[in-house]
Protein chains: 2
Amino acid sequence: MVNQSALDNIFARRSIRRYTDQPVSEEDIKKLLEAAMAAPAASDSWHFIVVRARGTLDALAERHPNAKMLAKAPLCIVPCADPPTFETWWIQDCSAATENLLLAATALGLGAVWVGTYPRDEWVRAVRKVLGIPESIVPLCLIPVGYPAEHKEPRTRYDAARVHREKW
Amino acid sequence: MVNQSALDNIFARRSIRRYTDQPVSEEDIKKLLEAAMAAPAASDSWHFIVVRARGTLDALAERHPNAKMLAKAPLCIVPCADPPTFETWWIQDCSAATENLLLAATALGLGAVWVGTYPRDEWVRAVRKVLGIPESIVPLCLIPVGYPAEHKEPRTRYDAARVHREKW
């Protein structure tokens, strides 16, 4: 049996950068984190920082050039990795967790956006400084979350030119 | 309004490595690719190779030590990147696309699994050789897909010890 609502949710997930003043409940934060940690993982390296303090959200908005929307967001979740040194599976693991979190946000009626941070050194350093993250830990991205104050239609960017058959 | 079916689907996605003989329809392959290309992306670098030929699936199973299940799978989708040289956002983009594809497979009643390939050099080279992928293109992983011949319960690996509040 096809779970059409789950398919619809994948296309409904869009990058939402404007939020209302309504706070996100602790119950929903827990659901977002449960969804993130339901992702497949090869490295067992992920951690998540939950930021709700106004001053910290503002500091991130000031120091990360693509995170201005945090000045008006009630919540930011920051996936980080405590990576093994020998291979970079952690990027894939934290990315899958991030996508799960974004999809769960959509399912909960929330809006969110993936603000890339790693591998841009100056952005990684800025986020580390604001959040007290040690040098050995890598913040992958910032995920501002809130109730949407903008609407975007569901979509795919499916492009047949990117599909190869049997061989490259 | 909460889309509970979409949340349930996130927890229902498990790594499925045993499949029935039933083939996957072209219609479902298209849905999987549409879901993959609905992921957020910073690099516009993704490509997908759709492999159904028995000989090619067997060759991948022989050459990638974690892809033995392809000997009994009717389909493999291989997310690849044509990466920009200056930064590695492509890993994140292709990982988000892969997670979307896995979730769409679950929603369609299919089973699938993420078989990590990049950054393990010998696995990347093996997949390139079988699929005729040029040196400049990177296969991120293999995704065997089929109708499940094993059942796994929904779950999260939520761990409160991985959740940090306000600061690291």
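Everything below is about the structure printed above this text.
(A) Expanded view of the nonpolar core. Formed by 82 residues in total, the largest nonpolar core has its most connected members in Leu32 of chain A together with Leu32 of chain B. When neighbours within four sequence positions are excluded, Leu32 of chain B is seen to be in contact with Leu75, Ile77, Leu101, Ala104, Ala105, Leu108, Leu110 and Val145 of chain B.

(B) Quick look at the interface of chain B and chain A. With 74 residues of chain B at the interface, the matching set in chain A holds 74 residues. The contact between chain B and chain A buries some 6500 Å² in all, and 58% of this surface belongs to carbon and sulfur atoms. At the surface where chain B touches chain A, the tally comes to 4 salt bridges. Asp44 of chain A serves as the salt-bridge partner of Arg162 of chain B, at 3.1 Å between the closest nitrogen and oxygen. There are 40 residue pairs in polar contact (both at pLDDT 80 or more) connecting chain B and chain A. Broken down by secondary-structure element, the contributors of at least two residues to the side of chain B that touches chain A are α1 (4-12), α2 (26-36), β1 (46-51), α4 (89-107), α5 (121-131) and β7 (163-165) of chain B.

(C) Looking closely at α5 of chain B. All buried positions along α5 of chain B are accounted for by Trp123, Val124, Ala126, Val127, Arg128, Val130 and Leu131 of chain B. At the C-terminal side of α5 of chain B, Gly132 of chain B shows a positive phi close to 65 degrees.

(D) Broad picture of the packing of aromatic side chains. Taken as a whole, this structure holds 6 aromatic pairs over all chains when the rule is applied. Between Trp123 of chain A and Trp89 of chain B, the ring centres sit 6.4 Å apart and the planes meet at 40 degrees, which makes this aromatic pair tilted. Residue Trp123 of chain A is located in helix α5 (residues 121-131), and its partner Trp89 of chain B is located in helix α4; the two belong to separate chains. When sorted by exposure, Trp123 of chain A lands in the same class as Trp89 of chain B, which is buried. Over the ring of Tyr158 of chain B we find Lys30 of chain A; its NZ or CZ atom is 5.0 Å from the centre of that ring.

(E) Fine view of the pairing of strand β6 (residues 141-146) of chain B. All names here are of chain B. Counting buried positions over the 6 residues of β6 gives 6, a clear majority of the element. Alternating residues of β6 divide into Cys141, Ile143 and Val145 and Leu142, Pro144 and Gly146, and every residue in both groups is buried. Relative to β6, strand β2 (residues 75-81) is paired through 3 bridges, and the arrangement is antiparallel. By the bridge assignment, Ile77 is partnered in β6 with Ile143. Sheet topology note: the strand β3 (residues 111-112)/β6 ladder contains 2 bridges and is antiparallel. Residue pairing for β6: Ala112 is matched across the bridge by Val145. One ladder, built from 2 bridges, connects strand β4 (residues 115-116) with β6; its direction is antiparallel. Residue pairing for β6: Val115 is matched across the bridge by Leu142.

(F) Region of interest: empty space enclosed by the protein. Within this structure, the stated rule accounts for 1 cavity of 30 Å³ or more. Contributing to the lining of the largest cavity are Ala6, Asn9, Ile10 and Leu103 of chain A together with Ala6, Asn9, Ile10 and Leu103 of chain B. Of all the secondary structure elements, the ones that give two or more residues to the lining of the largest cavity are α1 (4-12) of chain A together with α1 of chain B. Looking at the lining of the largest cavity residue by residue, the classes come out as 6 nonpolar, 2 polar and no charged.

(G) View of the relation of the copies chain B and chain A. Aligned on chain A, chain B shows an RMSD of 0.0 Å; the corresponding rotation is 180 degrees and the shift along the axis is 0.0 Å. Accordingly, the operation relating the two chain copies is best matched by a two-fold axis. Considering only C-alpha atoms, the part of chain B nearest the rotation axis is Ala6 of chain B, at 2.0 Å. Of all interface residues in chain B, 100% are interface residues in chain A too; the two copies therefore contact each other through one and the same surface.

(H) Highlighting the pattern of salt bridges. On inspection of all chains with the given rule, the structure shows 17 salt bridges over all chains. Notably, a salt bridge pairs Glu34 of chain A with Lys30 of chain A, separated by 3.6 Å at the nearest N-O pair. Of the two residues, Glu34 of chain A and Lys30 of chain A both sit in helix α2 (residues 26-36), 4 residues apart, roughly one turn of that helix. Put simply, Arg13 of chain B and Glu99 of chain B hold a salt bridge, and the shortest N to O gap is 3.8 Å. You can see Arg13 of chain B sitting in the loop between α1 and α2 and its partner Glu99 of chain B sitting in helix α4, a full 86 residues away along the chain. Using a relative accessible area of 6% as the deciding quantity, one classes Arg13 of chain B as buried. Taken together, the shared-partner salt bridges in this structure form one network comprising Glu26 and Arg52 of chain A together with Arg165 of chain B.

(I) The arrangement of the environment of Ile77 of chain B in detail. Residues and elements named next belong to chain B. Note that Ile77 resides in strand β2. You can call Ile77 buried: its relative accessible area is 0%. Counting along the chain gives 84 residues from Ile77 to Ala161, while the straight-line C-alpha distance between them is 35 Å. Excluding residues that lie within four positions of it along the chain, Ile77 makes contacts with Leu32, Leu33, Phe48, Ile49, Leu101, Cys141, Leu142 and Ile143.

Conventions and cut-offs
Residues numbered from 1 in each chain as written. Chains lettered and ligands numbered in written order. Predicted model: local features only at pLDDT ≥ 70, side-chain atom pairs only at ≥ 80, totals over all residues. Heavy atoms only, no water. Core = buried A, V, L, I, M, F, W, Y, C linked by side-chain atoms within 4.5 Å. Buried < 20%, exposed > 50% of the residue type's maximum accessible area, 1.4 Å probe, protein only. Contact = heavy atoms within 4.5 Å. Buried area = accessible area lost by both parts, 1.4 Å probe. Salt bridge = Lys/Arg side-chain N within 4 Å of Asp/Glu carboxyl O. Polar contact = N/O pair within 3.5 Å; in protein donor to acceptor, adjacent residues only side chain to side chain. Helix = DSSP H or I, 4+ residues; strand = E, 2+ residues; numbered from the N terminus. Phe/Tyr/Trp six-rings, centres within 6.5 Å; stacked < 30°, edge-to-face > 60°. Lys NZ or Arg CZ within 6 Å of the ring centre and 35° of its normal. Pairing = 2+ DSSP bridges. 1 Å grid on protein atoms, 1.4 Å probe; cavity = no way out; pocket = protein on both sides within 12 Å on 5 of 7 lines; lining within 4 Å. Points joined across faces, edges and corners; volume = space filled by probe spheres on them. Nonpolar A, V, L, I, M, F, W, Y, C, P; charged D, E, K, R; others polar. Least-squares fit on C-alpha atoms with pLDDT ≥ 70 in both.

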